[in-house]
Amino acid sequence: MSSAQAHVVSPSAIEQKPPVFRCLYCDLEKPKSESTLEHAIPQFLGGAQAPLHYKLRNVCVRCNSILGLHVDASYARSWTVTNGLAVAARKLYIGPGGIPLPLVCMGIIQNMPGLAVPEGMAAEYWIGPSGESIVWIRSDNDLMYWYSGGNPIDKKTKPSTLYYLPTTADRLGFQMAMEAFNDAFKKAKARRIFGAEFLDAPAGTLYPGFDAPTDAERGNLEAIQQAIANGLIDAQARFNIRFEDRFICKMVLGVGYSLFGEPFLDTKTAKQARLGLWPSQAQTSQLRGAGSFGGADATFSSLSGYPGAVVIMVLRTGHHYAMSVNVDQKMPFTTELAPGTLSSPHINSDHGYALLLFPQLRHPVELELPTMLAHKLGNQAHPDLALVDVKAQQAEAFNATLPPLPARPPSTAAKSPTVS
Ligand SMILES: [Zn+2]
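### Quick word on the coordination of the zinc ion
Here the zinc ion is held by Cys23 (SG), Cys26 (SG), Cys60 (SG) and Cys63 (SG), and the distances to it run 2.3 to 2.4 Å. For the zinc ion, the four donor atoms in the first shell make angles of 102 to 120 degrees at the metal, a pattern classed as tetrahedral. On the primary sequence, the residues serving as donors to the zinc ion are separated as C-x2-C-x33-C-x2-C. Taken together, the positions of cysteine 26 in the loop between β1 (20-22) and β2 (29-31) and cysteine 63 in helix α3 (residues 61-76) put the pair 37 residues apart, joining distant regions of the chain. Judged on exposure class, the residue cysteine 26 and its partner cysteine 63 are both buried.

### What about the sheet that holds strand β9 (residues 190-194)?
Strand order in the open sheet made by the six strands is β9-β8-β7-β6-β5-β10, with mixed pairing throughout. Each edge of the open sheet is held by one strand with a lone partner, namely β9 and β10 (235-236). When strand β5 (residues 104-109) meets strand β6 (residues 121-127), the two strands line up antiparallel, connected through four bridges. By the bridge assignment, cysteine 105 is partnered in β6 with tryptophan 126. Strands β7 (133-139), β8 (160-165) and β9 of the sheet are contacted by helix α6 (residues 171-184), whose axis makes an angle of about 165 degrees with β8. Packing against the sheet, helix α7 (residues 215-229) makes contact with β7, β8 and β9, and its axis sits at approximately 45 degrees to β8.

### Structural notes on the domain arrangement of the chain
In terms of domain boundaries, the chain breaks down into domain 1 (19-78 + 242-397) and domain 2 (84-236). Between the C-alpha centres of domain 1 and domain 2 there is a distance of 32 Å. With 25 residues of domain 1 in contact, the opposing surface of domain 2 contributes 21 residues. Taken together, both faces of the contact between domain 1 and domain 2 bury some 1,900 Å²; the carbon and sulfur share is 65%. Sorting the residues of domain 1 by area buried against domain 2 places Leu69, Arg77 and Gln360 first, and these three jointly supply 39% of that buried surface. One can count one salt bridge joining domain 1 with domain 2. In this structure, lysine 91 engages aspartate 328 in a salt bridge whose closest nitrogen and oxygen atoms are separated by 3.2 Å. Linking domain 1 to domain 2 there are six residue pairs in polar contact (both at pLDDT 80 or more). At the level of elements, α3, β14 (330-339) and α12 (383-400) are the ones that each hand at least two residues to the side of domain 1 that touches domain 2. The dominant element in the side of domain 1 that touches domain 2, judged by the number of residues it contributes, is α12, at five residues.

### What to know about unusual backbone geometry
Phi is positive for aspartate 27, close to 65 degrees, though the residue is something other than glycine. Inspection of the secondary structure assignment puts aspartate 27 in the loop between β1 and β2. The backbone of methionine 331 sits at a positive phi, close to 50 degrees, despite the residue not being glycine. On the secondary structure map, methionine 331 appears in strand β14. Judged by relative accessible area, which is 12%, methionine 331 ranks as buried.

### Observations regarding empty space enclosed by the protein
Counted under the stated rule, the structure contains two cavities of 30 Å³ or more. In this model, the largest cavity occupies a volume close to 80 Å³. Lining the largest cavity we find 14 residues, and of these Glu124, Trp146, Ser148, Ala237 and Arg238 sit closest to its centre. Here the lining of the largest cavity gets three residues from one element, more than from any other, and that element is β5.

Definitions and limits used
- Residues numbered from 1 in each chain as written.
- Predicted model: local features only at pLDDT ≥ 70, side-chain atom pairs only at ≥ 80, totals over all residues.
- Heavy atoms only, no water.
- Donors = N, O, S within 2.8 Å, 3.2 Å for Na, K, Ca; no water.
- Tetrahedral: all angles 85-135°; square planar, octahedral: opposite > 155°, others 65-115°.
- Helix = DSSP H or I, 4+ residues; strand = E, 2+ residues; numbered from the N terminus.
- Buried < 20%, exposed > 50% of the residue type's maximum accessible area, 1.4 Å probe, protein only.
- Pairing = 2+ DSSP bridges.
- Contact = heavy atoms within 4.5 Å.
- Axes fitted to C-alpha atoms, helices over the stretch in contact; angles between N-to-C directions.
- Domains from an automatic or database assignment.
- Buried area = accessible area lost by both parts, 1.4 Å probe.
- Salt bridge = Lys/Arg side-chain N within 4 Å of Asp/Glu carboxyl O.
- Polar contact = N/O pair within 3.5 Å; in protein donor to acceptor, adjacent residues only side chain to side chain.
- 1 Å grid on protein atoms, 1.4 Å probe; cavity = no way out; pocket = protein on both sides within 12 Å on 5 of 7 lines; lining within 4 Å.
- Points joined across faces, edges and corners; volume = space filled by probe spheres on them.

What follows is the structure, encoded as structure tokens:
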């Protein structure tokens, strides 16, 4: 090509607009450069392992970041969901070295003699898989008062202090606990204070990754140890009863589009879901459905779920497809998903559809609903689910070797393990 030709631009190219896409969530036209990768099923529910059609590109940068913080996190960090996922993970956990167990959140410490909690901060109490205590003095945020762990952005950017009090000298239990602790706080901007002495090391020896306590931190550590020894930690969970409303609408849009494609975008269901996702005084969403605390009963939860799994079930009922989502056979929500006139390459509309995600195994199973039920009822084994069942049996055997999670805060009378 000559240099003269290289600079010629055709008139039509000058008039061409940059390519655009229609954002699934805000419904605005956005330049292609603002498209982001979106997991229609969020990662905390195992969505990163979901089949490819759940990985979307038609979500804008703005929606991705706003909804991640205010909608996904509102659900994921609500006390019930945080702890529901922790219980689910145990059902498929077979020991250290794999995906660490999540911690259990006990709530915000109300009143602990001798514990200094600066203005604007909260002391949050967590229990690890071997019963160890973790007190995290972190920034508090009125806007996100019900988030376990507070504002996820503050976690990475604002200074905080973690007090870690081990309970077991058993090597396996200690390793499991450290993995859980490190995973839970890997992104936290926090000083880490280790709350036990070593049996065979000089006083003041630091466990790797932990900090030497200041006098103030030593005072707090003593206050925590005293409270644990007395069995008196007054912690309270905080609740927001509307924590899931916007999340359910977001799931309807994400799953509806993943299963039914472009025709879904202009349905009444999608429109109502968008209204619920962006609530305003002027209009309320008419999306039909029921949340985790109403509607579904225990039989339905048990039938539509699977132990340790996040299950997304889609069924055509009357004029609509309905979706139910549940975690470990609990906390289900059920909602209308799409008009029954649509069809999906992924759903046999007579039989229904189920997607099982196992955040602990990174192992998705997508199948027809009767196939899942036949397996659960023992009528016909499904090979993938049979493998999961084997893991569940191994996990049950492993769990039997562990001390049960204490009903009350554990005592730290036991010495910590030695450093090898
Ligand atoms: Zn958007």
